[in-house]
Amino acid sequence: MKKLETISISQMAVLYFAYVTGSAKIVIPGPLISMAFNAAWLSILISASFGALLLLIIFYLHDKNPGLTLIAISNKTIGRWPTVILACAMLTMALHMASGIIIDVSAFMTSMMLPETPNYIFMGMLYFLAALLLRSGIESMARMFSILIVFVMGFWAIVLLLLIPQYHPEFLRPVFPVGIKPTLLGAYLTAGFPYGEVVLFAMLLPFSRAKQTKPLKKALFWALLANAATLIISTLCTIMELGPMATEKRFSVFVIAQMIEVGDIIERVEAVIGLALIAGSLMKAAITLFAIQLIITELFKLKNDRLLTNPICLAVFLLALTMPSNAKRWEELVFIVHPLWVAVVFVLPLLIIAGVAAVKELFSEPQHSS
């Protein structure tokens, strides 16, 4: 693929932070606490370490093949047809992610804010905005997201700070009420969403204008650390505010935002968190769709990738409409099947490509030295 656009290291870090955080800081705490209870923050630490390991593997391949996407690296390393198989497998998960992100937003809107509005209204509007973002290109997306992420994180921080007088630190004990198994289940959940999804983000690394990999690697690891801190803080604040009830709430950060009352002046600020969820989800959906567009462009060696924007967004919109409408079935798909699916179609192909690259490098070194 001919690289026409580039972004700075800081902009790439912002895109990565927006991608792994997205709606996770609002969607993840409730289900995670219901699985891991008070040890949910330990689950995030375990899965974040797994995400850091995946980043190391990705940068190993990026160091050996600068300027190439993951699909191009795979094509160079294991050949054309194995790459086609792996890319098709990755697309299944990527399409599920792109539709699932908007489904979560639609579920949030219809269950918490506008229950009488049909799902397709929210989905259609968000995919229309995502299509406009894709057409604008990665440079415009990076500039817009750099501003948008400041407002999203600012709203999130304000809500949690306003709740400080209502926190009950005693709710954080005991850490392991029923042993370590729930902690591992929580780590399984967050290893798939959001940390295992970093493999798809590897498609965007060639767009960085960094001449050396080390500064980019450092920036992305800092972004990963910031994401882990964000999820841990969200989880701890949810537990301290809701206590045992935290396991029963799906959009728990939105729920605790409803409890803010500062005199008779500041109240009903949950709409701010709602806006943060929509904005974060839109950013992640746009980045995911952009990666899908890149994969298909690489596979078919297209010269103009923007020709795919409208068909891809329309296809994912129709896919979202056919997803399970039952909330229980959807949660089972996301919280149980999703992490395993990520491991098979994202993590396993990455390990195969990295393993073959390492073997080739090992056997080529003696010939090079002679």
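**Let's talk about the overall build of the chain**
Across its full length, the chain carries 15 helices and two strands. Expected size for 370 residues packed as a compact globule is a radius of gyration near 21 Å; at 21 Å, the chain falls within 12% of this value. For the chain, the spread of C-alpha atoms along the three principal axes comes to 75 × 45 × 35 Å. Within the chain, the fraction of its 370 residues that count as buried is 54%. Sequence-distant contacts, at least 24 apart, represent 85% of the contacts inside the chain between residues at least 6 apart. Surface exposure of the chain reaches about 16400 Å², of which carbon and sulfur atoms provide 69%.

**Here we look at the pattern of salt bridges**
Enumeration over the complete set of coordinates arrives at three salt bridges. Close ionic contact of E5 with R306 constitutes a salt bridge, the shortest N to O distance being 3.6 Å. One end of the pair, E5, is in the segment before α1 (9-21); the other, R306, is in the loop between α13 (270-300) and α14 (309-322), and 301 residues separate them in sequence. Taking the shortest distance from any N to any O, the salt bridge between E197 and K284 comes out at 2.5 Å. Pair noted here: E197 is in the loop between α9 (181-192) and α10 (198-201) and K284 is in helix α13, with a separation of 87 residues, a long-range link.

**Section: the nonpolar core**
Membership of the largest hydrophobic core comes to 135 residues, with the highest contact counts inside it found for F201, L204 and L289. Sorting elements by how many residues they give to this core places α13 first, with 17 residues.

**A look at the packing of aromatic side chains**
Overall, the coordinates contain seven aromatic pairs when judged by the stated rule. Among the aromatic side chains, those forming a connected cluster through ring pairs are Y16, Y19 and F201.

**What to know about a nonpolar patch on the surface**
Residues Y120, I121, M125, L314, L318 and L321 make up a contiguous nonpolar surface patch of roughly 590 Å² in combined accessible area. Assignment of secondary structure puts M125 in helix α7 (residues 119-136).

**Focus on the side chain of S106**
Locating S106 in the fold gives a position in helix α6 (residues 80-113). We classify S106 as buried; its relative accessible area is 1%. With near-sequence residues (within four places) excluded, S106 lies in contact with N119, F122 and M123.

**Points about the state of the cysteines**
By definition, a disulfide links two cysteine residues through a covalent bond between their sulfur atoms. Enumeration according to the criterion identifies zero disulfides in this entry. The cysteine C313 is free of any disulfide, with C88 supplying the nearest cysteine sulfur at 20 Å.

**Let's talk about the environment of Y127**
Mapped onto the secondary structure, Y127 falls in helix α7. In this structure, the C-alpha to C-alpha distance between Y127 and I102, residues 25 residues apart in sequence, is 8.1 Å. Not counting residues within four places of it along the chain, the set of residues in contact with Y127 comprises A98, S99, I102, L289, C313, V316, F317 and A320.

The rules behind each value
- Residues numbered from 1 in each chain as written.
- Predicted model: local features only at pLDDT ≥ 70, side-chain atom pairs only at ≥ 80, totals over all residues.
- Heavy atoms only, no water.
- Helix = DSSP H or I, 4+ residues; strand = E, 2+ residues; numbered from the N terminus.
- Rg over C-alpha atoms; globule rule 2.2 N^0.38 Å.
- Buried < 20%, exposed > 50% of the residue type's maximum accessible area, 1.4 Å probe, protein only.
- Contact = heavy atoms within 4.5 Å.
- Areas by Shrake-Rupley, 256 points an atom, 1.4 Å probe, with all protein chains shown as cover.
- Salt bridge = Lys/Arg side-chain N within 4 Å of Asp/Glu carboxyl O.
- Core = buried A, V, L, I, M, F, W, Y, C linked by side-chain atoms within 4.5 Å.
- Phe/Tyr/Trp six-rings, centres within 6.5 Å; stacked < 30°, edge-to-face > 60°.
- Patch = residues over 30% accessible without salt bridge, like charges linked within 9 Å, V, L, I, M, F, W, Y side chains within 5 Å.
- Disulfide = S-S within 2.5 Å.

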